[in-house]
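So the chains spell out like this:
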Amino acid sequence: MRAIWSFWSKPYLAQQGSTWLSPTDHLYSCALSLECARRHFKKTELYTDDAGAELLINKLKLPFSKVVTSLNDISHYDCAWWTLGKLHTYSKQSSPFVHIDNDVYLWKALPERFMRADIIGQNPEYFQTGSSWYQPEKFDPIIKSQHWLPDEIIQYREQKLKTQMAVCCGIMGGSDLNFIKHYAKQAIKLINYSLTKKPYQPLYADNLLIEQYLLATHINYNRQCKPAYLFNSTDAAFDPTKSKAAGFTHLIGGAKRNQALMNRLHNRLCYEYPEHYEKINELTAHNPDIFQL
Amino acid sequence: MKVKTVANKIKNNHENNTQTLMDKPPLANNLEPEKLSDQPHAQADSIKNTLSVNDNSSVIKYEMFDNMGIGGELL
């Protein structure tokens, strides 16, 4: 099993790292995410583009065991589709892997059952249509007008389930590469359609719907595919006793702008990996424009 | 493991260092039936556009949760 990360520089640079409290915090997190995983995985791979490789590898010397600049292939895409960097990376895998978001730290090794799982996800997210940030009802007019959609979505929507599901992809991967490639290609096709075909425009930039809801529809459709989740629900993931037992941190959403957490991130990296901490500080101190390449 | 050279192509071309990276793959991809090369160029690079489109959808989703994130106390 390989641990992999993706870093598409285009959306990151467009936001100038603003999803984090400071751009430097993002670099600290990249370093810590890698170093935590290196304790458990021999193979650690980064999928990025030339600008990302310049920053993380050439300048910061982060010790990934392999670097692939495959995300140059998507440089022409609208970076509002930031999840495309992940989806493209999923689609390129040819052996079992787990993709780790750069705001995820594995303090403990993933459970052994993950090493054989068809699909790996962080946790299922259950929700009810109409009262959630997920809006899968966007697919319904497309189905009604008989435009193309993946069979997986059509079947899932036709079930009219009161409780729907998505999959949180802080970690995502698995051993069923045919399944993963198929899912990723369907997602990319939907992204393409949202950019070129009017019926699909409501899907535009709805990154989590396409990445996380679409994955759940594929899991639902392929009943022989057995997913393994680190937590069995969103509530479980946010339960401190369960995250402690799993040895898992995900600075999800607004956590990346929590000053107290960023202080802990600084301290942790400084204490445990001072060489990375110092290199990042040196780089950012002497290159104030580094996030505006 | 093969080692190949990747020229750094930073947008503004201020940098032109040459560094080594490992295992750079072919640029071509095989995303059939949708080939990336057939796709449109960026339509709306502005993040403002992104946020305006998603004000009511998933972009802001996790803001609703405790901002300690998941397992933030382990950090």
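Residues numbered from 1 in each chain as written. Chains lettered and ligands numbered in written order. Predicted model: local features only at pLDDT ≥ 70, side-chain atom pairs only at ≥ 80, totals over all residues.

As for the overall build of chain B
Next up, step 1: Helix and strand counts for chain B come out as 1 helix and 2 strands.
Next up, step 2: Reading chain B from its N end, one meets helices and strands in the order β-β-α.
Next up, step 3: Of all 75 residues assigned to chain B, the portion counted as buried reaches 17%. (Helix = DSSP H or I, 4+ residues; strand = E, 2+ residues; numbered from the N terminus. Buried ≥ 20, exposed ≤ 12 C-beta atoms within 10 Å, placed from the backbone.)

With respect to the nonpolar core
Residue and element names in this part refer to chain A.
Next up, step 1: Counting residues in each nonpolar core, the largest one holds 100 residues, and the members touching the most others are Ala31, Leu56, Trp81, Leu84, Ala187 and Ile191.
Next up, step 2: Per-element accounting of this core gives the leading share, 10 residues, to helix α7 (residues 177-196).
Next up, step 3: Setting aside residues no more than four positions away along its own chain, Leu56 makes contact with Phe7, Cys30, Leu46, Thr48 and Leu62. (Core = buried A, V, L, I, M, F, W, Y, C linked by C-beta atoms within 7 Å. Contact = placed C-beta atoms within 7 Å.)

Things to note about the confidence of the model for chain B
Parts of the prediction with low pLDDT should not have their coordinates interpreted in detail.
Residues and elements named next belong to chain B.
Next up, step 1: This prediction gives chain B a mean pLDDT of 41; 12% of its residues lie at or above 70.
Next up, step 2: Contacts from residues 1-61, a stretch scored under 50 in pLDDT, to residues over four places away or in other chains number 100 contacts.
Next up, step 3: Among the prediction metrics, the complex's ipTM stands at 0.91, with pTM recorded as 0.82. (pLDDT = per-residue confidence, 0-100.)

Digging into the environment of A:Leu195
Next up, step 1: Residue position: A:Leu195 is located in helix α7.
Next up, step 2: Taking C-alpha positions, A:Leu195 is 9.3 Å from A:Ala205, a pair spaced 10 residues apart along the chain.

Topic: the sheet that holds strand β6 (residues 119-128) of chain A
All names here are of chain A.
Next up, step 1: Strand order in the open sheet formed by 7 strands is β3-β2-β1-β4-β7-β6-β8, with mixed pairing between adjacent strands. Sheet topology places β3 (66-68) and β8 (227-229) at the edges, where each strand pairs with a single neighbour. The sheet shows a mean angle of 45° between the axes of neighbouring strands, taken without regard to direction.
Next up, step 2: Both β6 and strand β7 (residues 163-174) contribute to a ladder of 8 bridges, which runs antiparallel. (Pairing = 2+ DSSP bridges. Axes fitted to C-alpha atoms, helices over the stretch in contact; angles between N-to-C directions.)

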